[in-house]
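Given next are the chains, with one letter for each unit.
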Amino acid sequence: IFTHYPTTTEGSFRCSDDLLNKIYDVGKWTTKICRQTIHLDSPCHQENLGCTGDYYIESLISYYAFGDARLTRFDIVRTAALLRQRDGFMFHTSYSLIWVQMLYDYYQFTQDKTVLRETADVLHRLLTRFRSYEGQVAGILETPPSFMFIDWVPVDQFNLHHPPKALGQTALCAFYYRALCLAAKICAILQDDQNAKVYEAHAARLKENFHNTFFVPERGLYKSGQNTPTPADMVNTFLPQNTKKIYFGKHENVLAVLYELCPPHLVSDMMEAVVNDSSLTDVQPYFMHFLIEAVAKAGLFSKYGLHLIRRWKAQIEECDKGMKEMWGDFPGYHFDYSHAWSATPTYQLPSKLSGLTILEPGFRKISLAPNLFGLAWADIDIPTPFGNIQLRLKAGCKPNIFVPDGIEYKQN
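Notes on the structure follow. Model, not experiment: these values are computed from the prediction.

1. Overview of the overall build of the protein
A count of helices and strands for the protein gives 13 helices and 11 strands. For 412 residues, the compact-globule estimate of 2.2 N^0.38 gives 22 Å, and the protein sits close to it at 21 Å. Seen through its C-alpha atoms, the protein measures out along the principal axes to roughly 60 × 50 × 45 Å. Out of the 412 residues belonging to the protein, those deemed buried represent 59%. Sequence-distant contacts, at least 24 apart, represent 67% of the contacts inside the protein between residues at least 6 apart. Roughly 16500 Å² of accessible area belongs to the protein as shown, and the carbon and sulfur atoms make up 51% of that amount. Of the side chains in the protein, 40 bear a positive and 43 a negative charge, and the two mean positions are spaced by 3 Å.

This is the structure in structure tokens:
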């Protein structure tokens, strides 16, 4: 017995690997039951507003699995109302920046410019607040109210849910950089050239200072943050006093590659380390979304992509009725099995095997770069406002592709 938000179209994915099919199906089902009158992080947990990281991943899955952006638009507007009311503040600091990604991606998939206009004041208010968190070095966040949420990972006596600066600063600065870049693009779409130039210039300064501040040449990696003390009057449950220990994790290096903060000649070696170096702070299913995206960005999906997705085998063997919130178990915390932030494979599989790129918003113009990545065959349907894109792929054969009228496309 279940409820879900009504959908009129659906996407699908099938391939020669039954495990990947099962992972896709469980993720699709989990996302479906998180789609109620609003997006939920989980129908068990029911975080009604503020879990933007969850809603962002659910929105990407929904584009590919259900062709429906109505709840995503509602999330964007609801979150904007919250940020407007609180002068750009959100409890999960990084999630307020991910809201900007969600806003931009929504426009790409729908061509709905009205929501950009409707939330423009909030975008400026949010980034003005973050600028107040910077120190003397442009773009480097020194005094945010917290560095959360990065991931649900215990590290020493800390947790990346609410890490000290030494464990969360670099990742938060990367999210900030991405928000500035997308804010510039949004302003350009709205023909607000003045603010577009301001955000572009500030992003450029942040990019330069990011590398100079956090990159450690001896390791060929970015460290997780600086070791400068946190002012005593800022320390609280969600912002621990900083530590003198230097940490290296997968999170900040993933984001450096994904958001092009990393010089190109470092990308391949950095992602090899992220995938293979067990000494780095590891990621949970939520952050696997960003890791797989970065692997693809680095041109390494053929080597690692499906291998990483098959890591979900343990998830669905433990429970095949919904995605577990995290890997493993944590004493004192009871996970639920209906958390769609764990379902990124349901987006990754059709996205990466189709090689879909939206070149003009609303699917007006796209490119496709189909690739089986070693599978024998795959059948993929991707919903669009014009009908389903259909790809029938078979090893050794020319791809069979149908693109609805109204979409201009090229095949790479």
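2. Quick word on the packing of helix α4 (residues 93-110) against helix α6 (residues 165-189)
Between two packed helices, the angle of one axis relative to the other and the distance separating the axes together describe the packing. Their axes nearest at 9 Å, the elements α4 and α6 cross at an angle of 35°. Of the two possible hands of crossing, α4 and α6 adopt the one that is left-handed. For the pair α4 and α6, the contacting residues are Thr93, Ser94, Leu97, Ile98, Val100, Gln101, Leu103, Tyr104 and Tyr107 in the first and Leu172, Phe175, Tyr176, Arg178, Ala179, Leu182, Ala183, Lys185, Ile186 and Ile189 in the second. Split into classes, the residues belonging to the contact of α4 with α6 amount to 14 nonpolar, three polar and two charged.

3. Side note on the environment of Tyr337
By secondary structure assignment, the location of Tyr337 is in the loop between α12 (313-318) and α13 (345-354). When its relative accessible area of 32% is taken as the criterion, Tyr337 is described as partly exposed. Placed 15 residues apart in sequence, Tyr337 and Gly322 show a C-alpha to C-alpha distance of 5.1 Å. Beyond its immediate chain neighbours, meaning those up to four positions away, Tyr337 contacts Glu318, Cys319, Gly322, Met323 and Lys324.

4. Here's the deal with the sheet that holds strand β11 (residues 408-411)
Pairing within the open sheet is mixed, and its three strands lie in the order β6-β7-β11. In the strand order of this sheet, the two ends are held by β6 (357-360) and β11, each with one partner. Between one strand axis and the next, the sheet turns by 25° as a mean value, whatever way the strands run. Bridge count between β6 and strand β7 (residues 365-368): three bridges; the pairing is antiparallel. When the sheet's bridge partners are listed, Glu360 is paired in β7 with Lys365.

5. A look at the pattern of salt bridges
In the structure shown here, the tally under the stated rule is 25 salt bridges. Note that Glu10 is salt-bridged to Lys32, the shortest N-O span being 3.3 Å. Residue Glu10 is found in the segment before β1 (12-15), and its partner Lys32 is found in helix α1 (residues 18-34); the two are separated by 22 residues along the sequence. Of the residues examined, Glu10 reaches a relative accessible area of 34% and is grouped as partly exposed. Its relative accessible area of 15% is what places Lys32 among the buried residues. With a closest N to O distance of 2.7 Å, Lys297 and Glu260 form a salt bridge.

6. Some words on the sheet that holds strand β9 (residues 389-394)
As a general point, the strands of a sheet are linked pairwise by backbone hydrogen bonds and lie either parallel or antiparallel. Reading across the sheet, the four strands line up as β1-β8-β9-β10 and stay open at both edges, with antiparallel pairing between neighbours. What marks the edges here is a single partner per strand, and that holds for β1 and β10 (400-402). Strand-to-strand twist of the sheet, defined as the mean angle between neighbouring strand axes without regard to direction, takes the value 5°. Inspection of the sheet shows strand β8 (residues 377-382) paired to β9 by six bridges, in the antiparallel sense. Residue pairing across strands places Ala378 opposite Leu393, the latter belonging to β9. Strand contacts of α13: β1, β8 and β9, with the helix running at about 105° to β8, the strand carrying the most contacts.

Parameters and conventions
Residue indices follow the written sequence of each chain, beginning from 1 at its first position. Two thresholds apply to this predicted model, a pLDDT of at least 70 for residue-level local features and 80 or more for giving and counting side-chain atom pairs, whereas whole-chain, interface and lining totals are computed over all residues. The basis for every side-chain value is the complete set of heavy atoms in the structure, and neither hydrogens nor water enter the calculation. A run of DSSP states H or I qualifies as a helix once it reaches four residues; a run of E qualifies as a strand once it reaches two. Both are numbered from the N-terminal end. In this treatment the radius of gyration is a C-alpha quantity, and the globule benchmark scales as 2.2 Å times the residue count to the 0.38 power. For every residue, the accessible area obtained with a 1.4 Å probe (protein chains only) is divided by the maximum for its type, and the residue is called buried under 20%, exposed over 50%, and partly exposed between those limits. Pairs of residues are marked as contacts when any of their non-hydrogen atoms sit within 4.5 Å. Note on areas: these come from Shrake-Rupley sampling with a 1.4 Å probe, and a residue is covered only by the protein chains present in the view. Working convention for charge: Lys and Arg count positive, Asp and Glu count negative, and His plus the chain ends are omitted. The atoms used to mark charge sites are NZ of Lys, CZ of Arg, CG of Asp and CD of Glu. Inter-axis angles, ranging from 0 to 180 degrees, are taken between N-to-C directions of lines fitted to C-alpha atoms, where helices are fitted over the stretch in contact. By definition, turning the near helix anticlockwise from the far helix through less than a right angle yields a left-handed crossing, and turning it clockwise yields a right-handed one. Residues were grouped as follows: Ala, Val, Leu, Ile, Met, Phe, Trp, Tyr, Cys and Pro as nonpolar; Asp, Glu, Lys and Arg as charged; and all remaining residues, including Gly, as polar. Strands are labelled as partners when DSSP assigns at least two bridges between them. When a carboxyl oxygen of Asp or Glu lies within 4 Å of a side-chain nitrogen of Lys or Arg, that pair is called a salt bridge.

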